Structure formats: C-alpha cells, structure tokens
Amino acid sequence: MRDLYPLGQMPPLGEVPARMLAHLIRPERFGEPTKAFQVEQVEVPADLQPDEVLVWVMAAGVNYNNVWASLGVPVDVIKGRQKDPDYRPFHIGGSDASGIVWKVGSDVQNVKVGDHVVIHCGTWSRDDPIVRAGGDPMFGASFRIWGYETNWGSFAQFTRVQAHQCLPKPKHLTWEAAAAYMLVGATAYRMLMAWPPHTVQPGDVVLVWGGAGGLGCQAIQIAREMGGTPVAVVSSEDKFEFCQRLGAKGCINRKKFSHWGMLPHWKDTAKYAEWVKGARAFGAALWEVLGERRNPRLVFEHPGEDTVPTSIFVCDTGGMVVICAGTSGYNAVVDLRYLWMRQKRFQGSHFANDDQARALNDLVAAGKVDPCLSETFTFEQIPHVHQLMHDNRHPHGNMACLVNAPRPGLRDVPQ
Ligand SMILES: NC(=O)c1ccc[n+]([C@@H]2O[C@H](COP(=O)([O-])OP(=O)(O)OC[C@H]3O[C@@H](n4cnc5c(N)ncnc54)[C@H](OP(=O)(O)O)[C@@H]3O)[C@@H](O)[C@H]2O)c1
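All values reported here derive from a predicted model rather than from experimental measurement.

Participant: Account for the pairing of strand S10 (residues 205-209), with residues named and values stated.
Facilitator: Taken across its five residues, S10 has five buried, putting it largely inside the fold. At this point the chain moves from S10, through helix H6 (residues 214-225), to the parallel strand S11 (residues 229-234), and the crossover so formed is right-handed. Both S10 and strand S13 (residues 298-301) contribute to a ladder of three bridges, which runs parallel. Residue pairing for S13: Val 206 is matched across the bridge by Leu 298.

Structure representation (structure tokens):
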C-alpha cells in the first residue's frame, strides 16, 4: 500500500493511503485567500464515527464560505473548534463536492463503497435533542456547516462526512458540474420553499439579488420551476442575458441607483427623503421590468446592509424578505413602519436540511435546475479562485476545482 497518491491517480477502490494532499488554512496565514491557503500533506481522516463515510473527492465546489474562513472573519473557524475531540490547528475548507464513497462507518446504510455521490454541507449530531425529537436539524444546537465550521472539507483528496450528507450524483453531470451547485442550490431551495405560507406560488413575483451569482442563479431557476416570475438585480448589463436565459423575466442594474447602505435616520428628513426617492425609483424600475405595478411577494436577500432597507420597502404587503447572508454588512436598518403597517415578514434562513437538499438534487437530476458551472479550475488554483470571489471578479454562476478528477468533462470513473 502506498503512503500517498499523486493527484489524479486513484488507489484501488477502498484502499486508504496514510496521507493526502490538502489545501490548508492556518491562523498564522489568515488574510486574503491567496495568502491563507497552502497545499500541505496531512493524514487521511480515516478514523470514522459509526455514521460517517470517507469520500475520494473528484471535484470541489467553490463558494463564499472559505473566503470568510481564509480572512478569519467574522469568526476564526479554527479557534471555534478548539474543544473538538479531533481538533487540529488548521482548517481544510470546501463545502461542496462530488466523489466516490471509499469507506463507511459501522452504522451506515444509505451508501456503500463505490457509490458516486454529491455532498451537502449540513452536519448535526444524531443525539441532538431536536434531531431525536424528529425536528428540523437546522434548528439544533449541534448544526455545523461541513468544510467551514467543521474540518476535513473537500479541498483535499479525501473528505470525511456524515452519511446523510451524501446524495446520488446526477448521472448526466460531469464531476465538476456535480460539485458546483449543492450549497447554493439547497440554500436557495430552503429560502424559497420552506417558510410557509411564503413559498413560491404560481404567478408570484420573486426579486432575486445577485441574480448572476451562485445563490442567485439557483434562485431564479427554482422560482421559475415553481411557476413564479423571477426578476434579477445585477451590477452590470452584461449579466442580463445570463439571468434571462435562466428564467428571469427581466433585470435591474443596481449601479443606476445610489441610495444603498444603511437607512438614514428618520429624524434627518432631508436625507431620509432622498433615500425614499431612490427606493421609489428602484421600485419603479421593477414595475417597468414587469410591465405592471406589482410588488414581489418574495425578496431573495443576501447582500444585507446595502440592500435590506430597499428589499423591505419594495416587498409586497403580506410578503416576505428572506435572507441568508450579509455580504455587504450586518447592520440592516429597517423602517418598522413599512414592516408592521404592510405586515411584511423578515425571515432568516440558513443552508438546508436533508429533505430540502434532496428536493434540490432531484430538480438537478431531472435537468430542471442547471448547476450553472461557469468555469473549472485546477486543485492548485483553489486560492486564486477564492481571491476572485473575494474581489467580486469571479465569472457568473458557480465555479468548481478538479481534485482527483484528472481532467474536466468526465462523468464517470476515468479509465
Ligand atoms: N447562510 C447560508 O446558508 C448561505 C449559503 C450560501 C451563501 N451564503 C452567503 O451568501 C452570500 C452570497 O453568496 P453567493 O455564493 O451567491 O456569492 P456570489 O456568487 O459572489 O454572488 C453574490 C452576488 O451578490 C451581488 N452583490 C455583491 N455585493 C452586493 C451589494 N453590495 N449589493 C447588491 N448586490 C451585491 C453580486 O452581484 P452583482 O454585483 O451582479 O449585483 C454577486 O454576484 C455570501 O455572503 C455567502 O457567504 C450563505
């Protein structure tokens, strides 16, 4: 048995080498992604809990999580797990992957060695009281995002995950496309479909911020599949066609407006009036796209501080602004008058549970939602890709990096 396999060279199925190549973030390197990530050799985490599996990673998806992990803000993810029994002073990120099941724990029943899988990033303890009571594990105290809040993510030759995270790899997809969609797709699915009565209904207008981004491209397609009318917001007109091809009725260029950021204080009447003017102009642009005076029943939020006041302003009476992030900042000021008088809902949402991840995977497997893989990078380019994302210079849609897959375009085990 070999101690370490080079990238792209596959050990015999089920044989676990002692060591692997991985991109590590260490606290002493916290900073921009090109500084924080470095390839090192580490032990393969083959010591499995009964409900865990080891997966040979073919490709890893890239998302914003590990931009935050490399910066060390808003939390130091390594320090946050100092009390974990298998604590290591490093972080192997990566919260999206496609790969092959390589070893299974003693209680695992849903997958077997050799299965081709995609991995969702929701982890929790089987002993969590909420899980034991049959509740939504996303509300459990033990919930963690794999490859961000937990170690041993997909930027490595092997990853260690809980068996329930594994879902069948859609057969028509390449390894890299299969690695690209789950985190953003399942998050978008929960946001749009899991907060009744505010689930997308036929005819609903759904305003999607960052329509050409990872979350946005999934949200547009899910809203379209449910019969909704998505409208995308983007920062340049060259993104319009991409969003419209996915099903957006039209797009708004946010750069045409300047009222972004925290709401001015209502006592500062001049500034406040100016803000209202900007928000009204944005609402008028939305009506222009729709060709009628209708407001969104759902607003799909994630920029946060820059956009929440506008989202709440334009949301329909009785509608919902659903939010999963604060990319531009965390102080979202709300003019409560719009919230209570128009009885709007401001709902937080975070990743997804098994059912929601499976529902999204089924839509992808049926060809109804496209992963929107924009570009495939190499394992060595993992820091570079995160830097692109950090600088908002990344291509539309979702990106993936080959890990053990020897070249792009492969749908099965390479011969
Ligand atoms: N809680 C969860 O479960 C969860 C899951 C997935 C992602 N997230 C978070 O959600 C955020 C977005 O993720 P993503 O994968 O969609 O990232 P992404 O691919 O970078 O897309 C985000 C889009 O947001 C738009 N945007 C950026 N700054 C903006 C601003 N100030 N105002 C309005 N729009 C702005 C950009 O589009 P334009 O420049 O074209 O407008 C960008 O393409 C990240 O913070 C990520 O960490 C959270």
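That covers the picture; the talk isn't over yet.
Participant: Can you break down the site of the ligand residue by residue, with the values?
Facilitator: The local shell around the ligand holds 29 residues, among which Tyr 64, Gly 210, Gly 213, Gly 214 and Ser 235 are the closest. Broken down by secondary-structure element, the contributors of at least two residues to the shell around the ligand are helix H5 (182-193) and H6. Considered class by class, the residues forming the shell around the ligand number twelve nonpolar, 14 polar and three charged. Split by domain, the residues of the shell around the ligand number at least three in each of domain 1 (19-181 + 370-402) and domain 2 (185-348).

Participant: Can you explain the domain arrangement of the protein chain? Please cite residues and give values.
Facilitator: In terms of domains, the protein chain is made up of domain 1 (19-181 + 370-402) and domain 2 (185-348). The C-alpha-based centres of domain 1 and domain 2 are spaced at 29 Å. Each partner contributes to the interface: domain 1 provides eight residues, whereas domain 2 provides nine residues. Of the residues assigned to the side of domain 1 that touches domain 2, the class counts are two nonpolar, five polar and one charged.

What counts and what doesn't
Residues numbered from 1 in each chain as written. Predicted model: local features only at pLDDT ≥ 70, side-chain atom pairs only at ≥ 80, totals over all residues. Buried ≥ 20, exposed ≤ 12 C-beta atoms within 10 Å, placed from the backbone. Helix = DSSP H or I, 4+ residues; strand = E, 2+ residues; numbered from the N terminus. Right-handed = clockwise from strand over helix to strand, strands pointing away. Pairing = 2+ DSSP bridges. Near = placed C-beta within 6 Å. Nonpolar A, V, L, I, M, F, W, Y, C, P; charged D, E, K, R; others polar. Domains from an automatic or database assignment. Contact = placed C-beta atoms within 7 Å.

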